[in-house]
Amino acid sequence: MTLSEEQITDYERNSNTAAGLCAGCARVLDDDEVHVCGQCSKEFTRRGADESAKGSKV
Ligand SMILES: [Zn+2]
């Protein structure tokens, strides 16, 4: 599970990620999860997509 560099920059500010925990819910990450767990990644991706859609309409 990966995120865009822009998203990762935000999540790296959360100390949870440094400890190998999800930035969203502090769950211990699996080997294929980076910065956030699969569930939170879906949420973040959806939110990012919404923001991008808003911006492109301007
Ligand atoms: Zn999570």
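These numbers were taken from a predicted model, which means no experiment stands behind them.

Undergrad: Explain the overall build of the protein chain to me, using residue names and the numbers behind them.
TA: When you go through the protein chain residue by residue, the secondary structure sums to 3 helices and 0 strands. Along the protein chain, helices (α) and strands (β) appear in the sequence α-α-α when read from the amino end. Here the protein chain holds 58 residues, and the buried ones make up 14% of them. Nonlocal contacts in the protein chain, meaning residues at least 24 apart in sequence, comprise 33% of its contacts between residues at least 6 apart.

Undergrad: Give me the lowdown on the confidence of the model for the protein chain, citing residues and values where you can.
TA: In the predicted model, the protein chain carries a mean pLDDT of 78, and 67% of its residues have values of at least 70. Across the protein chain, element-level confidence peaks in helix H3 (residues 38-57) with a mean pLDDT of 81 and bottoms out in helix H1 (residues 5-12) with 63.

Undergrad: So what's going on with unusual backbone geometry? Residues and values would help.
TA: Trans is the prevailing form of peptide bonds, just as negative phi is the prevailing case for residues other than glycine. A positive phi angle, near 65 degrees, is found at Ala26, a position not held by glycine. When you line up the elements, Ala26 lands in the loop between helix H2 (15-18) and H3. For Ala26, a count of 14 C-beta atoms within 10 Å translates into the label partly exposed. A positive phi angle, near 75 degrees, is found at His35, a position not held by glycine. The topology assignment puts His35 in the loop between H2 and H3. The exposure class assigned to His35 is buried, which follows from the 24 C-beta atoms found within 10 Å.

Undergrad: Tell me about the environment of Leu21, and please be specific about residues and values.
TA: Tracing the backbone shows Leu21 in the loop between H2 and H3. Residue classification places Leu21 among the partly exposed residues on the basis of 18 C-beta atoms within 10 Å.

Undergrad: Just give me the short version of the environment of Arg27, but keep the residues and values in it.
TA: Within the fold, Arg27 resides in the loop between H2 and H3. Taking the C-alpha atoms as reference, Arg27 lies 10.0 Å from Cys40; in sequence the two are 13 residues apart. When neighbours within four sequence positions are excluded, Arg27 is seen to be in contact with Leu21, Cys22 and Cys37.

About the cut-offs
- Residues numbered from 1 in each chain as written.
- Predicted model: local features only at pLDDT ≥ 70, side-chain atom pairs only at ≥ 80, totals over all residues.
- Helix = DSSP H or I, 4+ residues; strand = E, 2+ residues; numbered from the N terminus.
- Buried ≥ 20, exposed ≤ 12 C-beta atoms within 10 Å, placed from the backbone.
- Contact = placed C-beta atoms within 7 Å.
- pLDDT = per-residue confidence, 0-100.

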